[in-house]
Amino acid sequence: MNLRHQIVALAIVPLVLAILSVTTLLTLQSTNLVQSSIDTFERNMLDAKKTELLNLTNLALSAIQNIYQSAGPDDENAKEQVRAILTGLDYGKDGYFFVYDYDGNNVVHPRQAFRPGHNWLRLLDPDGDQVIANLIEKAKQGGGLHQYKWEKPSAGIMADKLSFAVGLDKWKWMVGTGVYLDDVFTQTAAAKADLRSSIGNTFWTVALIALPAVLIVFATCMLLNLRERRLADSKLKQLTQRVINAQEEERSRLARELHDGISQNLVGVRYAIDLASRKVNSQSLDAATAINRGAEALNGAIKEVRRLSHDLRPRVLDDLGLAPALQALVHNFTERTGIEANFSSIDYKNMLKAEASTALYRVAQEALNNVERHAAATRVDIIVSTNAGRIQMVVSDNGNGFNQPPGKDKSPRLGGLGLRNMQERMAHFGGLLLVKSDVEGTTLTAMLPRSAMLKSKPAANAA
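None of these values were measured; they are calculated from a predicted model.

1. Some details on the overall build of the protein
What the protein contains, in helices and strands, is nine helices and ten strands. Across the 463 residues in the protein, those meeting the buried criterion constitute 33%. Residue pairs at least 24 apart in sequence account for 58% of intrachain contacts in the protein once pairs closer than 6 positions are excluded. For the protein, the accessible surface area stands at approximately 28,000 Å², while carbon and sulfur atoms represent 57% of it.

2. Digging into the environment of Val 22
Structurally, the position occupied by Val 22 is in helix H1 (residues 3-70). With relative accessibility at 46%, the residue Val 22 sits in the partly exposed group. In this structure the C-alpha to C-alpha distance between Val 22 and Val 206, which are 184 residues apart in sequence, comes to 9.8 Å.

3. Regarding the packing of helix H7 (residues 322-337) against helix H8 (residues 354-375)
In contact at an axis separation of 10 Å, H7 and H8 are set at 15° when each is read in the N-to-C sense. When the axis of H7 is compared with that of H8, the two are roughly parallel. H8 is crossed by H7, and the crossing has right-handed handedness. Contacts between H7 and H8 involve Leu 322, Ala 325, Leu 326, Leu 329, Phe 333, Arg 336 and Thr 337 on the former and, on the latter, Ser 357, Leu 360, Tyr 361, Ala 364, Gln 365, Leu 368, Asn 369, Val 371 and Glu 372. Taken together, the residues that form the contact of H7 with H8 break down as ten nonpolar, four polar and two charged.

4. What to know about the packing of aromatic side chains
To describe a pair of aromatic rings, you give the distance between the ring centres and the angle between the ring planes. Evaluation of the coordinates by the stated rule reveals seven aromatic pairs. Ring centres 6.2 Å apart and planes at 65° place the aromatic pair Phe 98 and Tyr 100 in the edge-to-face group. Ring geometry for Tyr 148 against Trp 150: centres 6.0 Å apart, planes inclined by 90°, an arrangement best described as edge-to-face. Comparing Tyr 148 with Trp 150 shows no difference in burial state: the two are buried. One aromatic cluster is present, built from ring pairs that chain together Tyr 68, Trp 171 and Trp 173. The cationic tip of Lys 170 hangs over the ring face of Tyr 68; the distance from NZ or CZ to the ring centre is 4.5 Å.

5. Focus: the side chain of Thr 445
The topology assignment puts Thr 445 in strand E10 (residues 441-448). Assessed through its relative accessible area of 15%, Thr 445 is described here as buried. If we ignore the near neighbours within four places in the chain, the residues touching Thr 445 are Gln 392, Met 393, Val 394, Leu 432, Leu 433 and Leu 434.

6. Notes on the pairing of strand E9 (residues 432-438)
Side chains Leu 433, Val 435 and Ser 437 of E9 all project onto a buried face; the interleaved residues Leu 432, Leu 434, Lys 436 and Asp 438 project onto a face where none is buried. Taking the residues that link successive antiparallel strands as the turn, the E9-E10 hairpin has two residues.

7. Remarks on the nonpolar core
Considering soluble globular proteins, one finds that nonpolar side chains tend to be buried as a cluster. Judged by nonpolar contacts, the single largest core of 40 residues is most densely connected at Leu 326, Leu 352, Leu 360 and Met 393. Broken down by element, the residue count for this core peaks at ten residues, all from H8. In this view, Met 393 contacts Leu 326, Leu 360, Val 363, Ala 364, Ile 382, Ile 383, Val 384, Leu 444, Thr 445 and Ala 446; residues no more than four positions away in its chain are not counted. Of all hydrophobic cores here, the second largest spans 24 residues; its members include Leu 53, Ile 67, Tyr 68 and Val 108.

8. Structural notes on empty space enclosed by the protein
For the coordinates displayed, the defined rule picks out one cavity of 30 Å³ or more. Taken as a whole, the largest cavity encloses approximately 50 Å³ of empty space. Considering the residues around the largest cavity, the lining is formed by Tyr 96, Phe 98, Tyr 100, His 109, Val 131, Ile 132, Leu 135, Tyr 148, Trp 150 and Lys 161. If you list the elements that add at least two residues to the lining of the largest cavity, you get strand E1 (97-101), helix H3 (131-140) and strand E3 (144-152). The greatest single-element share of the lining of the largest cavity, amounting to three residues, is contributed by H3.

9. Re H7
In this model, H7 (16 residues) spans 22 Å end to end at C-alpha, consistent with the 22 Å of a helix rising 1.5 Å per residue. The set of residues buried in H7 consists of Leu 322, Ala 325, Leu 326, Leu 329, Val 330 and Phe 333. Take H7 and look down its axis: the buried residues cluster within an arc of 135°, on one side only. On the buried face of H7, the contacting elements are helix H6 (315-319), strand E6 (340-345), H8, strand E7 (379-387) and strand E8 (390-397).

10. Some details on H3
When H3 is considered as a whole, its buried residues turn out to be Val 131, Ile 132, Ala 133, Leu 135, Ile 136 and Ala 139. Here the buried face of H3 lies against E1, E3, strand E4 (157-168) and strand E5 (173-180). Looking one or two places after H3, you find Gly 142, whose phi comes out positive at around 105°.

11. Comments concerning the side chain of Asp 397
Looking at the secondary structure, you find Asp 397 in strand E8. Arg 379 provides the closest opposite charge to the buried, unpaired Asp 397, separated from it by 10 Å. Among the polar contacts listed, one links the side chain of Asp 397 to the backbone nitrogen of Gly 399, at a separation of 2.8 Å.

12. Side note on the pairing of E8
In terms of residue burial, E8 counts as a mostly covered element, since six of its eight residues are buried. Direction of pairing for E7 relative to E8: antiparallel, over a ladder of eight bridges. Bridge pairing in E8 links Thr 386 to Ile 391. Where E7 folds back onto E8 in an antiparallel hairpin, the turn is made up of two residues, including Ala 388, whose phi is positive at roughly 55°.

13. Thoughts on the sheet that holds E4
Hydrogen bonding along the main chain pairs the strands of a sheet, whether they run parallel or antiparallel. The strand order across the open sheet built from five strands is E2-E1-E5-E4-E3, with neighbouring strands paired in antiparallel fashion. Two strands in the sheet have a free side with no partner beyond their single neighbour: strand E2 (106-108) and E3. Put simply, the sheet's adjacent strands are angled 35° from each other on average, direction ignored. Taken together, the nine bridges between E3 and E4 define a ladder with antiparallel strand orientation. Note on E4: the bridge partner recorded for Gly 144 is Ala 165.

So, how was this worked out
- Residues numbered from 1 in each chain as written.
- Predicted model: local features only at pLDDT ≥ 70, side-chain atom pairs only at ≥ 80, totals over all residues.
- Heavy atoms only, no water.
- Helix = DSSP H or I, 4+ residues; strand = E, 2+ residues; numbered from the N terminus.
- Buried < 20%, exposed > 50% of the residue type's maximum accessible area, 1.4 Å probe, protein only.
- Contact = heavy atoms within 4.5 Å.
- Areas by Shrake-Rupley, 256 points an atom, 1.4 Å probe, with all protein chains shown as cover.
- Axes fitted to C-alpha atoms, helices over the stretch in contact; angles between N-to-C directions.
- Parallel < 35°, antiparallel > 145°, perpendicular 65-115°, else oblique.
- Left-handed = near helix turned anticlockwise from the far one by under 90°.
- Nonpolar A, V, L, I, M, F, W, Y, C, P; charged D, E, K, R; others polar.
- Phe/Tyr/Trp six-rings, centres within 6.5 Å; stacked < 30°, edge-to-face > 60°.
- Lys NZ or Arg CZ within 6 Å of the ring centre and 35° of its normal.
- Pairing = 2+ DSSP bridges.
- Core = buried A, V, L, I, M, F, W, Y, C linked by side-chain atoms within 4.5 Å.
- 1 Å grid on protein atoms, 1.4 Å probe; cavity = no way out; pocket = protein on both sides within 12 Å on 5 of 7 lines; lining within 4 Å.
- Points joined across faces, edges and corners; volume = space filled by probe spheres on them.
- Expected span 1.5 Å × (residues − 1).
- Arc of directions from axis to C-beta.
- Lys, Arg positive; Asp, Glu negative; His and termini not counted.
- Salt bridge = Lys/Arg side-chain N within 4 Å of Asp/Glu carboxyl O.
- Polar contact = N/O pair within 3.5 Å; in protein donor to acceptor, adjacent residues only side chain to side chain.

Here it is as structure tokens:
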């Protein structure tokens, strides 16, 4: 896998993880919300059952109230009447009243005829709950609810049952009735099953939507990557061609300089030496003059070589820094062209990196070359200053400026190779090149950020 594919994979993996995280979070939140709703539903159902039990118990107590209040503790006739009333007070297949005395003996049980007359105090349900003992305890405390497992008459199976027990203290009886909770639990179980199914469907729905989305994003990234790569390749080819063109242009310039300058001077030196040799051989009196002319021609060739060397890489830039190099550049420009050139520099604390100094020097050199060739100017000013810790160089002339494009846009055309090279030199350091040109002249501003400065070293502690 190449670097491009790795980058795309690194872009896709977080997206997939984000989608999975969001899907999981939504699933958990949905689960919690629905579970809370189911729990609320179950509590409401249980509350409704409790209210129903209280109403049924109050109904039974109202039915036996007159008999119980007028009877004595040992009134067997009244007890028999109450047993008959409670036995007949059933509601539905599984709704009935039961009575136990405080010792655990069954007094009334309409659905299980084998229980009356026997003691069930130690009866345990499948969960180990002492059902009768706990119900009697609730009755002695003034009445209360108790949940346990009991055989459901209509189904013949053990089921959860919620009963309310109240005491008839005068007779030491516990009267109770209950409702079975299996229908409540069946409804909640069905709701939970629906919840699991719904959550599963939601998860797969989101996954089926997210997966094509990820694939589309991946394909889009690949297409964009391919397009960017083609653009980059095209720009690289253009840049390579521009570099080749710049090299060829520089070689052509050097060839012209060598042919028109040094070569001509050396030819003159050769002729002067030949002339001096003939005069010496003929013992002419002006032989010394011929030799002096040859020496002057040789000095001119030496100066031309030095000038070319200075143009290629000025030693003063490496030895003394940017400001002296620019001062020498301006001086040589005035000497060579006759155009008035001025240079000023404000002292700045931080020093530029060597590469940044070279970049500013080349920008100034290229700007002066443009002034010499195209501007027809009589004056050039170069000012180097600092602005908020950043280096700024302004090159301005009073020449004829750039040709302006038609229309409202008055920005200069920056299509020339020299200007593009200057812009790229500044961009390499994160800097900026601004060009303003009109009929009054051209102003070029080159700015470098603080990152182009050398980091100041802390002073060493005195020994």
